[in-house]
Amino acid sequence: MQTHILGYPRIGSNRELKKACEQYWSGKTSLQELLETGRNICQQNWKTQQEAGIDLIPCNDFSYYDQVLDMTLTVGAIPKRYNEVALKTSNSELDLYFAMARGYQKDDLDITAMEMTKWFDTNYHYIVPEFYKNQEFELFSNKIINEFVGAKQAGINAKPVIIGLVSYLLLGKEKEEGFDKLDLASKLLPVYIEILQELQIQGAEWIQFDEPFLALDLNEKATETYQFVYNEIRKKFPRLKFIVTTYFEGLKDNLLLANTLPIDALHIDLVRCEEQLDDLLNTLSEDKTLSLGIVDGRNIWKNDFEKSLQLIQKATDKLGSDRVFIAPSCSLLHSPCDLDLETSLDSQIKQWLAFAKQKLAEVNLLKKLSESTNDETVLTAFEENKKAIASRKSSTLIHHNDVKQRVEAVTKLDSQRKNDFSVRKEAQEKVLNLPLFPTTTIGSFPQTKEVRSWRAQYKKGNLSSEEYRYLLKKETQKTIQWQEKIGLDVLVHGEYERNDMVEYFGEQLAGVTFTKKGWVQSYGSRCVKPPIIYGDVYRPHPMTVYWSQYAQSLTDKWIKGMLTGPVTILQWSFVRDDQPRSVTCKQIALAIRDEVADLEKAGIRIIQIDEPAIREGLPLRKSGWENYLRWAVEAFKISSCGVDDATQIHTHMCYSEFNDIIQNIADMDADVITIECSRSQMELLNAFADFKYPNEIGPGVYDIHSPRVPSKEEMVELLHKAQKVIPASQLWVNPDCGLKTRHWDETEKALLAMVSSAKEASLSYNNNTLETVNQ
């Protein structure tokens, strides 16, 4: 029996990669220093896994930005608009790579970034490959080979991790009509073969192909492409050992396909779909090893060894221990690095947890326990595991009867507005008196070094509450005055008191706790610390009213109250696994409902409840959509529907494909929805147009995930595109997302251009209307 890991966190235990990338982007460090940081993280990760007793250690799971973008660069799928960037940055492959991820605006060039979207049902974002008819590919980057050689030099004959060819194509987007991206498989295959040839020459024994789409709904063409690709690879490489990994769902109707691929090992996710084990044990080809994804790579709860050992025993009884691997369910990219760094967590809660480093130990211990060991250290660890599991089940920290009773008492009326949108719109227009193409932002403004230092000093006790609040008030006042000066219509207070849009609320909700170093990568250098929801959730006191009320006192314009929605708090947290997620979500929804009611009482007439994670929470199989969408939409409506008609409810959603769930978005019945549209050039609006979406929409007119500042003319063009599919009376003008991670110089230029673009669009619309009337 062997152990292996599908991938390990690449940000570093103290976010070394984030800091190194941002220093390089700002010109404060050299390329060599950045590369050295990357090498050090790889070396440390390999060493950590080696010391934990992992048999097959992955390489090429490291990335400076995103593993899908790595593959795009590797196979030369570089959009033509970057040709000039490639010439100007000829000394650095990495600069071209970052330009594709973040856009490029210097050296007289102004090039947009590639599109970004969510990695399946996680909060990780990947850069979407762009595909064209008859596209040619070439081996452009040797990253995969170089990392394998680096591991070998470190004394590790590692297992290279490669995104499978079919999954890579399915992750991308056709950028012109008249072809299917899977048509490109035969053109891309020679590059994969070239990579494998070089890895074989360098001495690789095992190759890991990540094929998560094998756990999704596939059409006949995808099935045929899988068979074609792997048959061709096996013909070329009869001696290499291939493991195909699936995760986040079960194989289900793709079990026969996966079982007949000419590979040596198949990895399955038993955390997400335990029932597939029996099906595979009864059908697995005799020439295949089965990798059991048994330690949860997506959550932070300690593994239940007794339960896992039963599954391992079932597998070994049927297959023999030599045909069984033990592994986490998926890459540990989605877990924090090291629980040992948490020195202030409640000791009772801490004993229930395992981060990436601890999950390595769990995998190794499960192997030893399954071998009927007499090692006292291992047996002691087993007894400690049993005690921790029992402690969590019986802990008084978890259950709160009042919360449970309130959830039980929820009725249908709690998730309905008093009147439909047409009635509410009239009431809101009378109260709010907003212009055509009203301008606003999504909520946060840049968190400068000064703001972050104040927070750090306050947490260390170097600033008193009064001093900290005074500084935040001054920053809020400056932001309100600046928004008034440039002519924004609906203002926000800037959120300077907030660390993260989920963490801030989690810190004030009962049943939730936080880490100090529990960082997880969201995209690029952006890392988040997900809350840990360990018990019943409720709101002990108001969370945002003070700052919204203060901001409103500074201006005659409307201030927008800013909240994070229940589904997003759920999705972006590590959630308790001892009750249905729908129940936990409803508890959070009731807490947000209380906050909405208090904001309205305080005179806040526009309240935004952000739900960027609604789409990402969809089950990966369509068969599970209806149930999820029913309770997710209900949770949002519970949080938002307790207000008067004249109170305008906004929501915000991140990069998503909305076509399949547009009816459910409409069912949420928010008065205004803002969505991220700029990278897709307003393509995402088509779903709303085809559906004839009745409420108001703010399609983002500039991308905040890039430092690039778009021109007014570019934004005007996007607004013209929007007006072709959505009536002008329904349109708002706003950035794609919050501005927290941007710098003030970028923000000021971009928002000035945005306000100007809205005025020009309004003037153009009025002139066209007048001309039509005259005609």
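What comes next concerns the included structure.

Cut-offs applied
- Residues numbered from 1 in each chain as written.
- Predicted model: local features only at pLDDT ≥ 70, side-chain atom pairs only at ≥ 80, totals over all residues.
- Heavy atoms only, no water.
- Helix = DSSP H or I, 4+ residues; strand = E, 2+ residues; numbered from the N terminus.
- Buried < 20%, exposed > 50% of the residue type's maximum accessible area, 1.4 Å probe, protein only.
- Contact = heavy atoms within 4.5 Å.
- Areas by Shrake-Rupley, 256 points an atom, 1.4 Å probe, with all protein chains shown as cover.
- Expected span 1.5 Å × (residues − 1).
- Arc of directions from axis to C-beta.
- Salt bridge = Lys/Arg side-chain N within 4 Å of Asp/Glu carboxyl O.
- Pairing = 2+ DSSP bridges.
- Axes fitted to C-alpha atoms, helices over the stretch in contact; angles between N-to-C directions.
- Core = buried A, V, L, I, M, F, W, Y, C linked by side-chain atoms within 4.5 Å.
- Polar contact = N/O pair within 3.5 Å; in protein donor to acceptor, adjacent residues only side chain to side chain.
- Phe/Tyr/Trp six-rings, centres within 6.5 Å; stacked < 30°, edge-to-face > 60°.
- Right-handed = clockwise from strand over helix to strand, strands pointing away.
- Parallel < 35°, antiparallel > 145°, perpendicular 65-115°, else oblique.
- Left-handed = near helix turned anticlockwise from the far one by under 90°.
- Nonpolar A, V, L, I, M, F, W, Y, C, P; charged D, E, K, R; others polar.

Quick look at the overall build of the protein
Here comes step 1: Counting its regular elements, the protein contains 28 helices and 25 strands.
Here comes step 2: Taking the principal axes of the C-alpha coordinates as reference, the protein spans close to 80 × 60 × 50 Å.
Here comes step 3: When each of the 775 residues of the protein is scored for burial, the buried share is 62%.
Here comes step 4: Within the protein, residue pairs in contact and separated by at least 24 positions form 78% of the contacts whose partners lie at least 6 positions apart.
Here comes step 5: Summed over its atoms, the accessible surface of the protein is roughly 30,300 Å², and 47% of this surface lies on carbon and sulfur atoms.

Remarks on helix 2 (residues 31–51)
Here comes step 1: In a regular helix each residue adds 1.5 Å, so 21 residues correspond to 30 Å; helix 2 covers 30 Å between its end C-alpha atoms and thus fits that length.
Here comes step 2: Three or more residues of helix 2 are buried, namely Leu34, Thr37, Gly38, Ile41, Cys42, Asn45, Trp46, Thr48 and Gln49. Each buried residue of helix 2 lies within a common arc of 165° when the element is viewed along its axis, so the set occupies one face. Across from the buried face of helix 2, at angles greater than 90 degrees, the exposed residues are Gln32 and Glu51.
Here comes step 3: Next to the buried residues of helix 2 lie helix 1 (16–25), strand 2 (58–59), helix 5 (93–102), helix 6 (143–153) and helix 14 (356–370).
Here comes step 4: After helix 2 finishes, the residue Gly53 shows a positive phi value of roughly 85°.

Here we look at the pattern of salt bridges
Here comes step 1: Per the stated rule, a full pass over the model turns up 47 salt bridges.
Here comes step 2: Through salt bridges that share partners, Lys404, Asp536, Arg576 and Asp578 make up one connected network.

Some points on helix 19 (residues 465–486)
Here comes step 1: Here helix 19 is 22 residues long and its end C-alpha atoms lie 32 Å apart, about the 32 Å a rise of 1.5 Å per residue gives.
Here comes step 2: Burial in helix 19 covers these residues: Tyr468, Leu472, Glu475, Thr476, Thr479, Ile480, Trp482, Gln483 and Ile486. Buried residues in helix 19, looked at end-on, bunch into an arc of 165°, giving them a common side. Turned more than 90 degrees off the buried face of helix 19, the exposed positions are Glu466, Tyr470, Lys478 and Lys485.
Here comes step 3: The first or second residue beyond helix 19 is Gly487, which carries a positive phi of 95°.

Topic: the sheet that holds strand 2
Here comes step 1: The strand order across the open sheet built from 8 strands is 1-14-13-12-11-10-8-2, with neighbouring strands paired in parallel fashion. The two strands at the open ends of the sheet, each matched to only one other strand, are strand 1 (2–3) and strand 2.
Here comes step 2: Sheet topology places strand 11 (residues 241–245) next to strand 12 (residues 265–269); 3 bridges connect them, and they run parallel. Residue pairing for strand 12: Val244 is matched across the bridge by Leu266.
Here comes step 3: Along the sheet face, helix 11 (residues 276–283) touches strand 12 and strand 13 (289–295) and points at about 160° away from the line of strand 12.

Side note on the sheet that holds strand 16 (residues 510–513)
Here comes step 1: Within the open sheet, the 3 strands sit side by side as 16-19-21. Their pairing is mixed. Two strands lie at the open edges of the sheet, namely strand 16 and strand 21 (574–575), each paired on one side alone.
Here comes step 2: Sheet analysis places strand 16 next to strand 19 (residues 532–538), joined by 3 bridges and oriented antiparallel. Within strand 19, the position partnered with Thr513 by the bridge is Ile532.
Here comes step 3: The strands touched by helix 23 (residues 581–601) are strand 19 and strand 21; relative to strand 19, the strand with the most contacts, the crossing angle is about 55°.

Details of the nonpolar core
Here comes step 1: Residues Ile162, Tyr168, Leu196, Leu199 and Phe209 are the most contacted members of the largest nonpolar core, which totals 133 residues.
Here comes step 2: With 100 residues, the next largest nonpolar core counts Tyr504, Val537, Tyr550 and Leu731 among its residues.

A look at the side chain of Thr246
Here comes step 1: For Thr246, the position within the fold is in the loop between strand 11 and helix 10 (255–260).
Here comes step 2: A distance of 2.7 Å separates the side chain of Thr246 from the backbone oxygen of His267, its partner in a polar contact.
Here comes step 3: Among all residues touching Thr246, those that are not within four sequence positions of it are Glu211, Leu214, Leu251, His267, Ile268, Asp269 and Ser329.

Concerning the packing of aromatic side chains
Here comes step 1: Counting across every chain of the model gives 26 aromatic pairs.
Here comes step 2: Residues Phe305 and Phe382 carry aromatic rings whose centres are separated by 6.4 Å and whose planes lie at 40° to one another, so their mutual orientation is tilted. Here Phe305, found in helix 12 (residues 305–319), pairs with Phe382, found in helix 15 (residues 376–394); they are 77 residues apart in sequence, far enough to count as distant. Accessibility classification places Phe305 together with Phe382 in one group, the buried group.
Here comes step 3: Ring geometry for Tyr504 against Phe505: centres 5.4 Å apart, planes inclined by 85°, an arrangement best described as edge-to-face.

Some words on the pairing of strand 11
Here comes step 1: Counting buried positions over the 5 residues of strand 11 gives 4, a clear majority of the element.
Here comes step 2: Here strand 10 (residues 206–210) runs beside strand 11; their pairing, made up of 5 bridges, is parallel. Paired with Phe209 across the bridge in strand 11 is Val244.
Here comes step 3: Tracing the backbone out of strand 10, into helix 9 (residues 220–236) and back to the parallel element strand 11 gives a crossover that is right-handed.
Here comes step 4: Note that the unit made of strand 11, helix 10 and strand 12 has a crossover that is right-handed.

Quick notes on the packing of helix 18 (residues 449–460) against helix 19
Here comes step 1: Direction vectors running N to C along helix 18 and helix 19 enclose 165°, while the axes themselves pass 10 Å from each other. Between helix 18 and helix 19, the interaxial angle falls into the category roughly antiparallel. Both helix 18 and helix 19 take part in a crossing whose hand is left-handed. Of the residues in helix 19, those in contact with Val451, Trp454, Arg455 and Tyr458 of helix 18 are Ser465, Tyr468, Leu471, Leu472 and Glu475.
Here comes step 2: Among the residues making up the contact of helix 18 with helix 19, the classes are represented as 6 nonpolar, 1 polar and 2 charged.

Observations regarding the environment of Gly27
Here comes step 1: Along the polypeptide, Gly27 turns up in the loop between helix 1 and helix 2.
Here comes step 2: The class for Gly27 is exposed, based on a relative accessible area of 60%.

Concerning the packing of helix 11 against helix 12
Here comes step 1: Closest axis-to-axis distance for the helix 11/helix 12 pair is 10 Å, and the angle between their directions is 10°. In this view, helix 11 runs roughly parallel relative to helix 12, as classed from their interaxial angle. Counting all contacts with helix 11, which are made through Leu277, Asp278, Leu281 and Asn282, the residues of helix 12 involved are Leu311, Lys314, Ala315, Lys318 and Leu319.
Here comes step 2: When the residues that make up the contact of helix 11 with helix 12 are grouped by side-chain class, the tally is 5 nonpolar, 1 polar and 3 charged.

Quick notes on unusual backbone geometry
Here comes step 1: Residue Asn433 is not a glycine yet carries a positive backbone phi of 55°.
Here comes step 2: Tracing the chain through its elements places Asn433 in the loop between helix 17 (421–432) and helix 18.
Here comes step 3: Under the relative-accessibility criterion, Asn433 is labelled exposed at 65%.
Here comes step 4: Unlike most non-glycine residues, Glu495 shows phi in positive territory, near 65°.

Describing the side chain of Thr122
Here comes step 1: Along the chain, the position of Thr122 falls in the loop between strand 5 (116–118) and strand 6 (125–127).
Here comes step 2: The class for Thr122 is buried, based on a relative accessible area of 4%.
Here comes step 3: Side-chain polar atoms of Thr122 contact the backbone oxygen of Trp119, separated by 2.8 Å.
Here comes step 4: Within the local environment of Thr122, its side chain forms a polar contact with the backbone nitrogen of Tyr124, the two atoms lying 3.0 Å apart.
Here comes step 5: Those residues within four positions of Thr122 in sequence are excluded, and the remaining contacts are Phe248, Arg298, His334 and Glu616.

What to know about the environment of Asp183
Here comes step 1: Summarising the element assignment, Asp183 is placed in the loop between strand 9 (173–174) and helix 8 (185–201).
Here comes step 2: The partly exposed category is assigned to Asp183, whose relative accessible area is 38%.
Here comes step 3: Residues Asp183 and Thr225, 42 residues apart in the sequence, show an inter-C-alpha distance of 8.8 Å.

The analysis is restricted to geometry; functional conclusions fall outside its scope.
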